[in-house]
Number of protein chains: 2
Amino acid sequence: MATIKEVSDLAGVSQATVSRVMNGNNKVSAVNRERVQAAMEKLGYQPNSFAQALATNRSYSVGIVVGTLSGPFFGPMMQSIETVLRKHGQHLIATSGDDHIEQEREAVRFLHSRRVDAILLVVQAMTDDEVIELCKQYPNIYVLNRYVPELAERCIYLNNELGGYLATKHLIDLGHTKIASITGPLIHLDARERLQGYRNALSEAGIEYDPQLIVEGLFQEDGGNKAAAKLFQRDVDFTAVVCGNDNIAISVYDILSRTNESPGERISVVGYDDMFYSRYLRPKLTTIRFPIVDMGIAAANMVLNSLDQDLTNGVQLEPSLVVRESTAAPRS
Amino acid sequence: MATIKEVSDLAGVSQATVSRVMNGNNKVSAVNRERVQAAMEKLGYQPNSFAQALATNRSYSVGIVVGTLSGPFFGPMMQSIETVLRKHGQHLIATSGDDHIEQEREAVRFLHSRRVDAILLVVQAMTDDEVIELCKQYPNIYVLNRYVPELAERCIYLNNELGGYLATKHLIDLGHTKIASITGPLIHLDARERLQGYRNALSEAGIEYDPQLIVEGLFQEDGGNKAAAKLFQRDVDFTAVVCGNDNIAISVYDILSRTNESPGERISVVGYDDMFYSRYLRPKLTTIRFPIVDMGIAAANMVLNSLDQDLTNGVQLEPSLVVRESTAAPRS
DNA sequence: TTGTACGCGTTATCAG
DNA sequence: CTGATAACGCGTACAA
């Protein structure tokens, strides 16, 4: 591996000049610039990023800690983050907290010892307070897919309320009035906001909110199944279900299939997130699109900006309705 | 950020002693060791990994370049790689080639300039020759999910032939004799091997191979759809389909649904890969399980081993059959 | 067992 | 515009 010294020797200039050429410093004569470039080319020179990092105290890398790397959510997000970052000479170091608080903390420490320029946090296991604490301890932490009021300017999050509203409004527009909702775990702000959007749409249409029509889905793998079952066992009448996410919608699909029914017939179903596998569902799922890729891009840009001028602003992204086949006008 | 010097000052010893304590060197008196540890604790000392890397010429990080970070495949794989690696103090730097050869090459260069200890290659866009060339150029490259004969000892790959065999054998055992197959793109070795497994099973059962029953699926998003359509338009009789992957199986699901049929009735369907979303298909897909997580673990261990003693051996993993609902005995 | 001092490959300051 | 030279933080022979 060639070093800057070998390049400077070959080019017959000082290391300083080589360094200047690398960093696009203008104050180098054209002759020397070309000599240096030729030498670099010949030696296949690649600057040692550790030496650079040591000298500049910047690592040109950003760390991301996610709850879990698997699952359909993080792939696309990391993809877009990495693409933007790399275009600007930054690298992405990926760590996973395995959805355990302690491991998430440890991941942050780890990244910090790697002197990353910034840390992206995409975690659920920690409480808001713990996130806040972490942000105090280490600078340049950004929070994705989560809104922490005290950290508003470092959060990139979805307007979940709007999504809940859009989903419900769509059903109302189709003529539904008896609309149930299976929410995600309500200890998560997202889930509460989505529910609030549902309520907003109802109230806007003058439809009364009925707690009987609400069920809370829990965390576990089959949390959605249990919640959906509960709803259908209740003695309430409804013609549509707004789901807290696509997985819950799948649970509803399953329940309907047991009676040989299909979503969009007696019961309309709306999902939330538009996970890529949702298109494999039949009938195709009407759902709320979560702009995952945009969120990644926004995060990457926020990091990039904060490295120059250290002002940042939180970013709120907007979900949108994707109408497919699982919703239709109620049968009269 | 505290440095080794501040620690040594506080502890009243030399930097060398602090360094020794960090690196578990025995030749430090118990007294000093404790003093140093106390000082480190008090200062919240974290070694600067760049300085370490510069001094030792080792980075304690491994890079991975994947064709694309999105898609259901890489999440679980990276998850397992990262978990193993981190346990051994190594970090994972993730880069994506966006399925373009040039970007994949560039990613390798990038990682190399980061002085990663090893590079994991999970790419499809490059040809074997290009991969070989790269391995010559840079040492410590490992190839995942791909078998390159010349690079056998650095490959971690699946026994695809066995998978094809298992899928087909399962159908034969159920009583099928007219078994079609929609393969993946046959320029990929995987696809050819899977097809070969299909042939082996047929021949073992004394069933003649009929080219009319074979269709090649292509790359594009709808490649599977087109291939499936082609098969069903042909004037051939069959009661089961072995698919080159789960996506192709989904295409078959779709075609059957157009005539209000369901897999496992007139036509049985077997997938390949057992992508996690396959469980959301209804009826649930019978498929070949690809041990993604194991592959990640094997890769991480291979890297770890090669860093100590630089001997490595290729690893072949075995797929297994997962019987669910999309296969049944043929109707008589 | 401990400390001194040099080297790792860059950047950046300061004279020239 | 260019070249010495001092950091940057740590590991490690070598000497004590």
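All figures in this text were calculated on a predicted structure; none of them were measured in a lab.

Quick word on the packing of aromatic side chains
Okay, so step 1: Taken as a whole and judged by the stated rule, the model has 11 aromatic pairs over all chains.
Okay, so step 2: With 6.4 Å between their ring centres and 75 degrees between their planes, Tyr 198 of chain A and Tyr 209 of chain A make a pair best called edge-to-face. In this pair, Tyr 198 of chain A sits in helix H9 (residues 189-204) while Tyr 209 of chain A sits in the loop between H9 and strand S7 (214-216), placing the two residues 11 residues apart along the sequence.
Okay, so step 3: Between Phe 232 of chain A and Phe 238 of chain A, the aromatic rings sit 5.3 Å apart at their centres with planes inclined by 80 degrees, giving edge-to-face as the arrangement.
Okay, so step 4: Under the relative-accessibility criterion, Phe 232 of chain A is labelled partly exposed at 24%.
Okay, so step 5: What links up through ring pairs into an aromatic cluster is the set Phe 73, Phe 74 and Phe 290 of chain A.
Okay, so step 6: When the ring centre of Tyr 272 of chain B is taken as origin, the NZ or CZ atom of Arg 194 of chain B, which lies over that ring, is 3.6 Å away.

Side note on the protein's contact with DNA strand C
Okay, so step 1: For DNA strand C, the set of nearby residues contains 27 residues, the closest of which are Ile 4 and Ser 19 of chain A together with Arg 20, Ser 29 and Asn 32 of chain B.
Okay, so step 2: For DNA strand C, the fraction of protein-proximal atoms (within 4 Å) that sit in sugar or phosphate groups is 64%.
Okay, so step 3: Arg 20 of chain B is positioned with one of its side-chain polar atoms (N or O) 2.4 Å from a base oxygen of DNA strand C.
Okay, so step 4: Per element, the largest residue contribution to the surface near DNA strand C is five residues, and it comes from helix H2 (residues 15-22) of chain A.

Here we look at empty space enclosed by the protein
Okay, so step 1: This structure, assessed with the given rule, holds six cavities of 30 Å³ or more.
Okay, so step 2: Within this model, the largest cavity holds a volume of roughly 150 Å³.
Okay, so step 3: Where the lining of the largest cavity is concerned, the elements lending two or more residues are helix H4 (49-56) and strand S2 (91-96) of chain A together with helix H4 (49-56) and strand S2 (91-96) of chain B.
Okay, so step 4: Of the residues assigned to the lining of the largest cavity, the class counts are four nonpolar, eight polar and two charged.

Rules behind the numbers
- Residues numbered from 1 in each chain as written.
- Chains lettered and ligands numbered in written order.
- Predicted model: local features only at pLDDT ≥ 70, side-chain atom pairs only at ≥ 80, totals over all residues.
- Heavy atoms only, no water.
- Phe/Tyr/Trp six-rings, centres within 6.5 Å; stacked < 30°, edge-to-face > 60°.
- Helix = DSSP H or I, 4+ residues; strand = E, 2+ residues; numbered from the N terminus.
- Buried < 20%, exposed > 50% of the residue type's maximum accessible area, 1.4 Å probe, protein only.
- Lys NZ or Arg CZ within 6 Å of the ring centre and 35° of its normal.
- Near = heavy atom within 4 Å.
- Polar contact = N/O pair within 3.5 Å; in protein donor to acceptor, adjacent residues only side chain to side chain.
- 1 Å grid on protein atoms, 1.4 Å probe; cavity = no way out; pocket = protein on both sides within 12 Å on 5 of 7 lines; lining within 4 Å.
- Points joined across faces, edges and corners; volume = space filled by probe spheres on them.
- Nonpolar A, V, L, I, M, F, W, Y, C, P; charged D, E, K, R; others polar.

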